Amino acid sequence: MRALVISGGGSKGAFAGGVAQYLIEETKCKYDILIGTSTGSLLVSHLALGKISKLKNIFTNVNQKTIFSNSPFLISKKNGIDRVSMNHLNILKNFIRGRKTFGESKNLRNNLSKVITEDEFKILKTLQKKILICVSNLTTNKVEFPDLKNNEYQDFLDWIWVSCNYVPFMSLVKKNNYEYADGGFGAILAIEQAIINGATHVDAIVLQTKTQQLNRLHSRNPFDLLGSVFDFMTDRIMTENIKLGDLTAKTNDATVRYFYTPKVLTTNSLIFNKSKMNRWWNDGFKYAHKEISKV
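These numbers come from a predicted model, not from an experiment. (Residues numbered from 1 in each chain as written. Predicted model: local features only at pLDDT ≥ 70, side-chain atom pairs only at ≥ 80, totals over all residues. Heavy atoms only, no water.)

Asks: Provide a residue-level description of the environment of Val 5, including the pertinent values.
Replies: Mapped onto the elements of the fold, Val 5 is located in strand E1 (residues 2-6). Assessed through its relative accessible area of 1%, Val 5 is described here as buried. Counting along the chain gives 235 residues from Val 5 to Glu 240, while the straight-line C-alpha distance between them is 15 Å. Val 5 has contacts with Ile 35, Leu 189, Ala 190, Ile 191, Ala 194, Val 202, Asp 203, Ala 204 and Ile 205, leaving out every residue within four places of it along the chain. (Helix = DSSP H or I, 4+ residues; strand = E, 2+ residues; numbered from the N terminus. Buried < 20%, exposed > 50% of the residue type's maximum accessible area, 1.4 Å probe, protein only. Contact = heavy atoms within 4.5 Å.)

Asks: Run through the pattern of salt bridges, naming residues and quoting values.
Replies: A complete count under the given rule lists 11 salt bridges for this structure. Here Glu 120 makes a salt bridge to Lys 54, at a shortest N to O gap of 2.7 Å. Here Lys 54 lies in helix H3 (residues 52-59) and Glu 120 lies in helix H7 (residues 118-126), a separation of 66 residues in the sequence. Classification of Glu 120 as buried rests on a relative accessible area of 4%. Looking at Lys 54, the relative accessible area reads 29%, which means it is partly exposed. For the salt bridge of Asp 203 with Arg 257, the shortest nitrogen-to-oxygen distance reads 2.8 Å. With Asp 203 in strand E9 (residues 201-206) and Arg 257 in strand E10 (residues 255-260), this residue pair connects regions lying 54 residues apart in the sequence. On the basis of relative accessibility, which here comes to 25%, the residue Arg 257 falls in the partly exposed class. (Salt bridge = Lys/Arg side-chain N within 4 Å of Asp/Glu carboxyl O.)

Asks: I'd like to hear about the environment of Thr 60, residue by residue, with values.
Replies: Relative to the elements of secondary structure, Thr 60 occurs in the loop between H3 and helix H4 (64-67). C-alpha separation for the pair Thr 60 and Met 238, spaced 178 residues apart in sequence, amounts to 25 Å. Leave out the neighbours within four places in its chain, and Thr 60 touches Lys 274, Met 277, Asn 278 and Trp 281.

Next comes the structure, spelled out in structure tokens:
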């Protein structure tokens, strides 16, 4: 059995889309298992359906309004570089409303029903594929992998939304009396889970470079500091996921093929820029071609 595993990475998911497109369309890889974490969860449904052109159009047109119903960010440009600062007014509004996070991502949940239709969900149910979404249960302190086959339409969309919610910047979701957040807080690259589910070969798309290529800039505001802390945590979780995945693969006589980003795409993956994401998608396609050609 062959699995495709896509890590979290916000706007960098466009690069993963390009890699996956090459693997599916050019090398004719047929995946029995698809597992997505965070931004990866937004990709796996349409990849399973083979609707890659639709997926590219949807994903590369995502912007801040597509995601946030109340954005905690102010984005400006200085010397051609995106700068992120706190939107104090929106953050205050959220706290006055009794919310537990700086921002709210309800627009993303509303848009999911437009991009993954109920008819598409019904088709996915008939496919001989296992589609898993990684989420973090903050109440039980466990990582969960809801399976499309075991969920109804609205619940499945909820799990995708949950997987993408990078708290405290996005919504904290209460479901089944538990509090949930971004799957990347627990398993940003779920190779082990793919092998547990029977995969004998895993293609893993890792939305960061193989080795650290730059030092982080000094924090200019609390959001910068939080971003640096979360990036540090993400790097550590990713490293452990890869080590555990490799160990699980070795134990179960499985193989893993990695696709890393060849360079740092962005230092803030919560900024969604159409032209950059289009370029990253195309870069991912070309990179996969280059990597496959080496073999």
